[in-house]
Amino acid sequence: MHSHSQKDTHAHTSSCCSTNSSCSSAVTENSKKVSNDSHTHVHSDVESHPDDDEESHQRGKHNAQHEHDGHDHAAHKHGDHNHQHGSSCGLPIDKINDIAPIQTAQKRFSWIIRGMDCPSCASKIETAVTQIKDVKQAKVLFATEKLVVDADSDISMAVRATVETAGYELLDVGSNNAASIQPPPSLLSEAKPVIILAILVGISWGIESFNPQLGNIAFILATLFGLYPIARKALLSIRTGSPFAIETLMTVAAVGAIFIQATEEAAMVILLFMLGEMLEAYSAGRARRGVSALMALVPEDAILIKDGQKTTVPVAQLRPGDVIEIAPGGRLPTDAVLVSEFASFDESALTGESVPVERTVGEKVAAGCLSVDRAVQMKVVSEQGQNAIDRILQLIEEAEERRAPIERFIDRFSRIYTPIIMLISALVIIIPPIFFDAAWETWIYRGLTLLLIGCPCALVISTPAAITSALATATRRGALIKGGAALEQLGTITTIALDKTGTLTEGKPHVTNLVPVDGITEAELVQITASVEIGSHHPLAKAVVNKAQELSLQVTEAQDRKALAGKGVEGFLNNKHVLVSAPNRLEIPLDKVWQAKVEELEAQGKTVVVTLENNRVIGLTALQDTLRSDAVDAMNMLKKLNVNAVMLTGDNPRAAAAIAGQLGMEYRAGLLPEDKVSAVIELNRNHSTMMVGDGINDAPAMKASSIGVAMGGGTDVALETADAALTHNRLTGLPEIIALSRATRKIIRENITIALGLKGVFLVTTLLGMTGLWVAVLADSGATALVTANAVRLLRVKLPQVKK
């Protein structure tokens, strides 16, 4: 037996920005509301669809709890609506524990930042803005170039002045300049200053070969040319509260080298640093390019059809209910349902599926999808700023706020690491000459070298560069992973628990057998059963109603239809009481003959419901769902990753065994919602467990697991609830994101090894006088470029493939 709820679920995302309402400062900009049309009745086939939807899971993840009053359904009629919202002005309950520390602010402001070329720029802006009076929290979302500030009063002018003082451009969200997509700079344009400096250094060497004194002056001029923009940035960083920026360290080292007459090395230090910065900016731009491409999917204008007239209007003017026309090869500017009879859409930009999908009238199509072969009319269904692309971008922004544990540790470590290195460098310069009568020039040189070696840039960027690249790769393949913490957790998974209906199966069962009592035809059995199921959105109910339509039967809706919690669905047809229930949930057990028929059908892997009229059995209806086409491939790929899979279902053991047998996996059947939670908790004791479901129906079990992943069948809700969502609805996406996470963890370990290893080696060689300033820059800028380039490999990482 298995109870489920029939729900029409809608998730809405709204922006809470610069308002006078009180809201939490740690929040994302989304106010999430879930309304449920909750109806509960019982069939033995499907997974538990609990009436208490506690969304997502623990450990600082999405713990949204949207509680729906669905326990007392004895008097709950079909069509009643029960709405409860779990949001707190811009912050769903699930986000409250995600970001710490939290301070309460009255308003939230956001802007677009231009001019950032690496994550360290974001850190400088955050530090500068945080120092403004009344600012409670500032966060720069590097991937989407957005600055979000929580404050007690209007601090717009102060923020603008501070950001511009720091050397960056601040644009209002929604302005034409902010809305325009900025293409990443080409490698050639980034390389121009480096090329000019390299030419100057070459000329200086040429001059030095015949006139050392003049060559020395040439090297100083070349150094000053390259140093000017670096020193300017250093000064701005100091003024805005970041005295230990890499530019400051580089300026000190270059000026110090000039004073001790190491002019050749001063020039080379600047050249190598600029080269490293160029490569880092280019690599970071590539990592961010996926987000820019996503933003570019939504066109700026749309063709609005009103009173038979077609007019071109800005997308911002579209509202739900508007009818628009999409030309062949055009992209949808917003989420919409198809008004035309049918059309094919290329959804690859959002789902990763290259084959166009055919949609029929009334079906929803997401923003950014492309109409393949014909002009189509669509009805707008999403509010401005709430379409599928907007939600994905919001998730990417939220993901940056949920950093991986290792990333948070390294960030805290670097804040004390740099001042300590500067202190050690000062001691290296002072102690040997004062206490051991060593040459000042020698130890100043070594101290400056140590200063450059100690710069934490490579270490700081080692993790976020890898995570940004991995998240971009996942998004491109139709998987949304909510932040570094979730991405890191995925790589530890050893066991996956999967819901059956709608996850392992298509969730579209069909009637396979009708067993009426003597004196009643199959058609009559379908008519009576459908009379209490009509109007339901549950897959089983739909299957029965569809069967009635196939047989061209006229179905009369039963009166006083009710969902009986833990039992079934009932109503009155022609003054006769009709009950549709799971066989094992009847108050009076079936007799031996009917029980034998039930067992025979269930042994074939089918789900059986029994229909009673005035407490008399009038027949059985057997239904069967079909496996997803990629379910077998997904299970084989998981086995290659040494990940065990377990099916958790409320279906009867015989039907569950049939499905599990086809997939070669373990199963636990006949589970109520609380049983699923217990099963996941038990698995979690010895294994890191992922729970995979539809994002709502299995939310309690998702909460109990290490990480919850939602299939994209209910995309609106899936995007709001679990830690990751497979928008392409492919089961093979599960081994892909696990493999991606493992590759990311491997890259992060390599990056940390490169960053610390190079510094450790050259730290020793510098103190021994074996290496100088050139090598110090290579140890810093070179390591930074190396770890960034290594992270970018994740954009093209090889993931498990399905064998054809």
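Scroll up to find the structure.
All chains use their own residue numbering, which begins from 1 and follows the written sequence. Whole-chain, interface and lining totals are the exception, using all residues; otherwise, since this is a predicted model, local features are given only for residues with pLDDT of at least 70 and side-chain atom pairs are given and counted only at 80 or more. Excluding hydrogens and water, the side-chain values take into account all heavy atoms of the structure.

Colleague: Sorry, what's going on with the side chain of Asn 790 here?
Modeller: You can see Asn 790 is positioned in helix H24 (residues 773-792). Apart from the residues lying within four places of it in its own chain, the contact partners of Asn 790 are Ile 747, Glu 750 and Asn 751. Think of it this way: any DSSP run of H or I at least four residues long counts as a helix, any run of E at least two long counts as a strand, and we number them from the N terminus. Any pair of residues with heavy atoms lying within 4.5 Å of one another is described as a contacting pair.

Colleague: Looking at this structure, how should I read the environment of Leu 672?
Modeller: Structurally, Leu 672 can be placed in the loop between strand S32 (666-668) and helix H20 (673-686). For Leu 672, a relative accessible area of 23% gives the class partly exposed. Taking C-alpha positions, Leu 672 is 9.8 Å from Leu 648, a pair spaced 24 residues apart along the chain. The buried label goes to any residue with under 20% of its type's maximum accessible area, the exposed label to any with over 50%, and the partly exposed label to all in between, with areas taken from a 1.4 Å probe on protein chains only.

Colleague: Got a minute to help me understand unusual backbone geometry in this structure?
Modeller: The phi angle of most residues is negative, glycine excepted, and most peptide bonds adopt the trans form. Positive phi values are uncommon outside glycine, yet Asp 307 reaches one of about 55°. If you trace the backbone, Asp 307 turns up in the loop between strand S14 (301-306) and strand S15 (309-314). One non-glycine residue, Asn 642, lies in positive phi territory at about 60°. Tracing the sequence through the fold places Asn 642 in the loop between helix H18 (631-640) and strand S31 (644-648). For Asn 642, a relative accessible area of 66% translates into the label exposed.

Colleague: Help me understand the sheet that holds strand S11 (residues 135-141) in this model?
Modeller: The strands that make up a sheet are held in pairs by hydrogen bonds between backbone atoms, and each pair lies either parallel or antiparallel. The pairing criterion is simple: DSSP has to find at least two bridges between the two strands. Read from one edge to the other, the open sheet built from four strands follows the order S11-S12-S10-S13, with strand pairing classed as antiparallel. Each end of this open sheet is capped by a strand with a single partner; those strands are S11 and strand S13 (169-172). Recorded for the sheet is a direction-independent mean angle of 30° between the axes of neighbouring strands. As judged from the six bridges shared by S11 and strand S12 (residues 146-151), these two strands associate in the antiparallel manner. Structural elements are reduced to axes, namely lines fitted to C-alpha atoms, with helices fitted over the stretch in contact, and the angle between N-to-C directions of any two is expressed from 0 to 180 degrees.

Colleague: What should I look at first to understand helix H5 (residues 212-239) in this one?
Modeller: A turn of α-helix holds 3.6 residues, and therefore any two residues three or four places apart point the same way. Over its 28 residues, H5 extends 38 Å from the first C-alpha to the last, a length consistent with the 40 Å expected when each residue adds 1.5 Å. The bend at a residue is defined as the angle formed between two axes, one fitted to the seven residues ending at that residue and one fitted to the seven starting there. Considering bend angle alone, the principal kink of H5 is centred on Leu 227 and spans about 45°; proline Pro 229 follows within four residues of it. Along H5, the positions that sit buried rather than exposed are Gly 215, Asn 216, Ala 218, Phe 219, Ala 222, Thr 223, Gly 226, Leu 227, Ile 230, Ala 234, Leu 236 and Ser 237. Within two residues after H5, Gly 241 carries a phi angle of roughly 95°, on the positive side. The span one expects for a helix is its residue count, reduced by one, times 1.5 Å.

Colleague: What is the right way to read the sheet that holds S14 from this model?
Modeller: Taken in spatial order, the six strands make up an open sheet running S15-S14-S16-S22-S17-S20, and their pairing is antiparallel. Strands at the two margins of the open sheet, each flanked by one partner only, are S15 and strand S20 (364-365). Relative to strand S16 (residues 323-326), S14 runs antiparallel, the two being bridged by three bridges. Looking at S16, one finds that Leu 304 is bridged to Ile 324.

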